[in-house]
Amino acid sequence: MTSASNTASTSAPKKRSPLALTVIIVGVLVVAFFSFSGFYTDFLWYNQLGFTEVLTTQWIGTIAMFLVGFIAMAVPVWLSIHLAYRLRPVYAKLSSQLDRYQELIEPLRRLATYGIPVVLGLFAGLSIAGRWREVLLWFNSSPTGTLDPQFGLDASFYMFDLPFYRGVVAFASAVILLSLLLTAAVCYLYGSIHLSGRELRISKHARIQIAVLAGVYLLLQAVSIWFDQYATLTSSSPLFTGVNFTDANATIPGKMILAGIAALVAILFFVTAFVGRWRLPIVGTALLLVSALVVGLAYPALVQRFQVDPNAKTLEAPYLQHNIDLTREAFGLSDVREIPYAATTDAEPGALRSDAETTANIRIIDPAVVTKSFQQLEQFKQYYSFPKVMDVDRYEIDGRSQDAVVAVRELNQSGIDASKWVNTALVYTHGYGLVAAYGNKRSSDGQPVFMQSGIPSTGKLGDFEPRIYFGETSPSYSIVGAKKGADPIELDYPASREGDQQTYYTFTGDGGPKLDNVFNKLVYALKFQSEQIFLSSDVTNNSQILYDRSPLQRVKKAAPYLDLDSDPYPSVVDGRIVWIVDGYTTSADFPYSKTVSLSNSIRDQEGRPSYALDDINYMRNSVKATVDAYDGSVKLYAWDTDDAILKTWQKVYPNTLHPISEMSADLMSHVRYPNDMFKVQRKILGDYHVTNAGQFFSDSDKWITPNDPQSKKDDPRLQPPYYLTMQMPGQEKPSFSLYSSFIPPGKGEDSRNVLTGYLAADANAGNEKGKKAEDYGKLRLLTLTSGDAIPGPGQVQNTFNANQEVSKEINLLKQGQTEVINGNLLTLPVGGGLLYVQPVYVQSSGTTKFPLLQRVLVAFGDKIAFKSTLDEALDDLFGGDSGASAGDGGIVPDPGTTPDPGTTPDPGTENPGTENPGTGTPVDPAQAEALRTALNDAAQAMKDKQKALESGDWTAYGAADKALSDAVDRANAALK
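Residues numbered from 1 in each chain as written. Predicted model: local features only at pLDDT ≥ 70, side-chain atom pairs only at ≥ 80, totals over all residues. Heavy atoms only, no water.

Draft legend 1. Just the overall build of the chain, in detail. Each helix and strand counted, the chain has 28 helices and 33 strands in total. Taking all 976 residues of the chain together, the buried fraction comes to 51%. Sequence-distant contacts in the chain: of pairs separated by 6 or more residues, those separated by 24 or more amount to 70%. Element-wise, carbon and sulfur atoms account for 56% of the exposed surface of the chain, whose accessible area totals about 44,600 Å². (Helix = DSSP H or I, 4+ residues; strand = E, 2+ residues; numbered from the N terminus. Buried < 20%, exposed > 50% of the residue type's maximum accessible area, 1.4 Å probe, protein only. Contact = heavy atoms within 4.5 Å. Areas by Shrake-Rupley, 256 points an atom, 1.4 Å probe, with all protein chains shown as cover.)

Structure representation (structure tokens):
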């Protein structure tokens, strides 16, 4: 009895511990909750932004593609295993070794029958879950209107249809191949396939199953080979991208033949399934392999070697012409206006008279140099910062368009005590104000002259919301908002003077998900790993959490199909500060078009970003986006409505894009031609400015972008394009433009740094609501035809550095603890030639330093000048009279040198009551009195401004800055 009970107790299964089950269940719930919280916070973010359909489309597409991949893999594999086992011979004679294998596998057979398909299905589902974009593009594809010259198909077939079809065929081939291999394994294990000596026996059911699967696989390969002929339109050869002579006359016909042979062999396998003879499909398979070697490889190689290579220029000409035409089409270069430009090198007096407007707008403030000036003059507190490189914009000031160097005063939390959560999350939440300096003016001591500055913000740009909650350096998250009537806790801006209290503020917009319930607080506490979000009494039901605050990040999440320009820029638009972001649609599948690396093409002195799709052969600036700096709202405007990719995505996301007609006049006036698009276009035009196939083939007229003269010798960077207001040949008046120059290619001492071309894009979109300016985006390419060599940027910089007079003055500027900084070297097509302008800055080498503009270098032909102002330099360069006035002719005088109105000028000095100091022409007494008053007011304003800066009185500083700006305007008016 005891023995029986012991036996029963030892054979009874052990029960799981309740504690262990509880731990497992709790663990699963915790993991599930963390996963859910991530999805939930994403939904809250997108829902608040108004782009929920973007997220739900992504979720639905990913889930749908996972299920399709799982089912499409798991079901055929399971069916193959199941049929192979069910149709096995009942009395098969197996070897002793197979018997042992069966004994080992049989206990796991049922698990393997379902487990293998499930595991393979999971892998398949995960591998194609991210391909939902490809499916949606195929389903919603829009025609481009461009037909390929080889097959006569619309380019959309290659961009949307072909990738989808080839993906389907590749996936189906993988499914059938795995099914075939597993079928063969099961059949062998259970005796349907029996190897006895040299004899291979296959049961009828196994033969049918294997032959059908093999036939389907070969049929899929036939389809794949057929599609491969279309892929030749985007394949690259050493000479160009697209179908060449060998492809058209050997490779493509060969693929058609191979596809036919593969289809024929597939039919032979289907026949074998019923007649039971394996000889024909085996012979056919061998024939297919031999044909692949002969027709697919040997014949094209023979054609290339013995027919094309000896006659390449003639035979390849029509195909190369297709490549030239379609590459220019793919990158928006079909309508480039080429203008022969016989540039002169003679700097004659009065040469700039016909370019007076351009000369008056030459930008002498370098946005890459004056950052420290902005920091020292406008940062005010350590928790504010400016970007490394300023942006260039334009504003209408007193009825005239004025180029401006701009930046927003962003919050920089590295300047505060970050150990206190209250500080980083609740108090220091936003930056304050936009600072803008005239691009063509500087003060007498070399500082920028601001059109908008100070805290509170004052200047020429009118009233606007100055707070920057969403910017390029905003904190990872901030919690804002409070109950109505509650005391504000967000620091708005610092005290104006000693003894004053800080100014505080409460965010009133709709900028982030609301923390209006316990659950939302909990999930965000988990997301940002901060229990304070959940526990703090300052986080109320009226609170909002702001995160993902970078303009690029917000636009990318709202429009994931766009590549974004690396340089978003802030503008004051309709009383708000908004970030303007350029969005691009790109593809790597446009027929015949050259493939380039996007990141390498835009890499220059300003750096290089990275992109998910880096190798592209098609690009359009299809979307203009804005991000409100106050509430983070994103608006996407369909800019290029002819772009097929954008049309396709509009079908996918029908409610996310606004028409261009909704863009206000003020917004239109700040839209500009995109920087990165222009860089890619200049890269393409370096080769493809040549439009004749014969000339292109000779490879004798390639151009490259010159290196920036200021880049390091061991790390040369391309000279970035520059925004300037100028009048190109062929234009009736100056326009805000973006330009770059070209020189011949070469390495080391063999390179010739002389100009061969000059490319400019009309960057002004106009100022009418919802209507582009007629010339916006027009590209003008000056091809230099003069017999005289026009020096390039590197050669001009070398001349500047080597000139004895310039070196002597620079050495004087370097005396004491100072260093000299060369600004951007600008090139302007004026005076019948090319004018170079370079500001020269001086800054202290001590701990507190910022650059001051002290001199301007100019060059025209082989002549140079180096003076205190651009006006003086141009006059000196052009024989004493350039014929035009530059924008810095009316600089603010130093207060210490301004004559007192009651004193008498020394003999020999200029009398402002009798002569205009800007032009040397006589003026009437009333004009002289107005000038004298304006100069004295400017001197007093500078004293007041400096005093306010030293005392930290920002209100007085803003008032003095405005008074100084008004005095300068009155002085300029008196000088006219």
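Structure's up, so let's keep going.
Draft legend 2. Molecular detail of the pairing of strand S26 (residues 735-742). Where burial is concerned, most of S26 is hidden: eight out of the eight residues are buried. Taking every second residue as pointing to the same face, both faces of S26 are buried, with Ser735, Ser737, Tyr739 and Ser741 on one and Phe736, Leu738, Ser740 and Phe742 on the other. The sheet contact formed by strand S25 (residues 722-726) and S26 spans five bridges and is antiparallel. Bridging across to S26, Thr725 finds its partner in Phe736. As paired elements, S26 and strand S27 (residues 757-762) share six bridges and run antiparallel to each other. Within S27, the position partnered with Ser737 by the bridge is Asp762. (Pairing = 2+ DSSP bridges.)

Draft legend 3. The environment of Ile176, seen in detail. Tracing the backbone through its elements, the reader meets Ile176 in helix H7 (residues 155-189). For the pair Ile176 and Ala214, spaced 38 residues apart in the sequence, the C-alpha separation amounts to 8.0 Å. Contacts of Ile176, omitting those with residues within four sequence positions, involve Leu213, Val216, Tyr217 and Leu220.

Draft legend 4. Representation of the pattern of salt bridges. Applying the stated rule across the entire model yields 22 salt bridges. In this structure, Arg467 engages Glu465 in a salt bridge whose closest nitrogen and oxygen atoms are separated by 2.9 Å. Arg467 gets classed as buried once you look at its relative accessible area, which sits at 13%. Ionic contacts of the salt-bridge type, sharing partners, join the residues Glu329, Arg620 and Asp640 into one network. (Salt bridge = Lys/Arg side-chain N within 4 Å of Asp/Glu carboxyl O.)

Draft legend 5. Representation of unusual backbone geometry in the model. Cis geometry is adopted by the peptide bond preceding Pro456, which originates at Ile455 and carries an omega value of -5°. Even without being glycine, Asp574 reaches a positive phi, approximately 55°. Topologically, Asp574 is positioned in the loop between strand S18 (569-573) and strand S19 (576-587).

Draft legend 6. Broad picture of the side chain of Thr146. With respect to the helices and strands, the residue Thr146 is situated in the loop between helix H6 (132-139) and H7. Since its relative accessible area comes to 15%, Thr146 is described here as buried. Residue contacts for Thr146: discarding those within four places in its chain leaves Leu153, Asp154, Ala155, Leu326, Glu329 and Phe590.

Draft legend 7. Representation of the packing of aromatic side chains. Applying the stated criterion to the full structure yields 44 aromatic pairs. The structure contains a cluster of three or more aromatic residues connected by ring pairs, namely Trp138, Phe139, Phe151, Phe157, Tyr158, Phe164, Tyr165, Phe227 and Tyr230. Over the ring of Phe528 we find Lys527, and its NZ or CZ is 5.8 Å from the ring centre. The residue whose ring lies beneath Lys557 is Trp45, and the NZ or CZ to ring-centre distance is 4.1 Å. (Phe/Tyr/Trp six-rings, centres within 6.5 Å; stacked < 30°, edge-to-face > 60°. Lys NZ or Arg CZ within 6 Å of the ring centre and 35° of its normal.)

Draft legend 8. A look at the packing of H6 against H7. The N-to-C vectors of H6 and H7 enclose an angle of 130°; their axes lie 8 Å apart at closest approach. Relative to H7, the element H6 is oriented oblique. Regarding H6 and H7, the two cross each other, and that crossing is left-handed. Where H6 abuts H7, its residues Glu134, Val135, Leu137 and Trp138 lie against Phe160, Asp161, Pro163, Phe164, Tyr165 and Gly167. For the contact of H6 with H7, the class distribution of residues is seven nonpolar, one polar and two charged. (Axes fitted to C-alpha atoms, helices over the stretch in contact; angles between N-to-C directions. Parallel < 35°, antiparallel > 145°, perpendicular 65-115°, else oblique. Left-handed = near helix turned anticlockwise from the far one by under 90°. Nonpolar A, V, L, I, M, F, W, Y, C, P; charged D, E, K, R; others polar.)

Draft legend 9. Inspection of the packing of helix H2 (residues 18-49) against helix H16 (residues 518-527) at higher detail. Contact pair H2 / H16: the axes reach a minimum separation of 10 Å and the direction vectors enclose 105°. The angle between H2 and H16 falls in the class roughly perpendicular. Every residue of H16 that contacts H2 at Phe33, Phe34, Phe36, Ser37, Tyr40, Thr41, Leu44 and Trp45 is listed here: Phe519, Asn520, Leu522, Val523, Tyr524, Leu526 and Lys527. When the residues that make up the contact of H2 with H16 are grouped by side-chain class, the tally is 11 nonpolar, three polar and one charged.

Draft legend 10. Representation of the pairing of S27. S27 sits mainly inside the fold: six of its six residues count as buried. Of the two faces of S27, the one holding Gly757, Leu759 and Ala761 and the one holding Tyr758, Ala760 and Asp762 are both buried throughout.

Draft legend 11. Local environment of helix H12 (residues 317-330). Counted at 1.5 Å a residue, the expected span for H12 with its 14 residues is 20 Å, and the 20 Å between its end C-alpha atoms agrees. Regarding H12, the residues found buried are Tyr319, Leu320, Asn323, Ile324, Leu326, Thr327, Arg328 and Ala330. Along its buried surface, H12 packs onto helix H9 (245-275), helix H11 (312-315), strand S3 (337-341), strand S22 (618-628), helix H22 (675-688) and helix H23 (693-698). One or two residues past the end of H12 sits Gly332, with phi positive at roughly 70°. (Expected span 1.5 Å × (residues − 1).)

Draft legend 12. Focus on the sheet that holds strand S5 (residues 391-397). One open sheet holds the five strands; their spatial order is S5-S6-S9-S10-S11, and the pairing between them is antiparallel. Every other strand in the sheet has two partners, leaving S5 and strand S11 (458-459) as the edge strands with one partner each. Two elements, S5 and strand S6 (residues 400-408), share seven bridges in a ladder whose sense is antiparallel. Residue pairing in the sheet places Arg394 in a bridge with Asp403 of S6. Of the strands in this sheet, S6, strand S9 (434-442) and strand S10 (448-453) touch helix H14 (residues 371-378), which is tilted by about 60° from S10.

Draft legend 13. Spatial organisation of the sheet that holds S25. Strand order in this open sheet of five strands is S3-S28-S27-S26-S25, and the pairing throughout is mixed. The sheet is open, and its two borders are formed by S3 and S25, each paired with just one other strand. Across the sheet, the mean angle from the axis of one strand to that of its neighbour is 30°, orientation sign disregarded. The sheet strands contacting H22 are S25, S26, S27 and strand S28 (779-784), and the helix crosses S26 at an angle near 35°.

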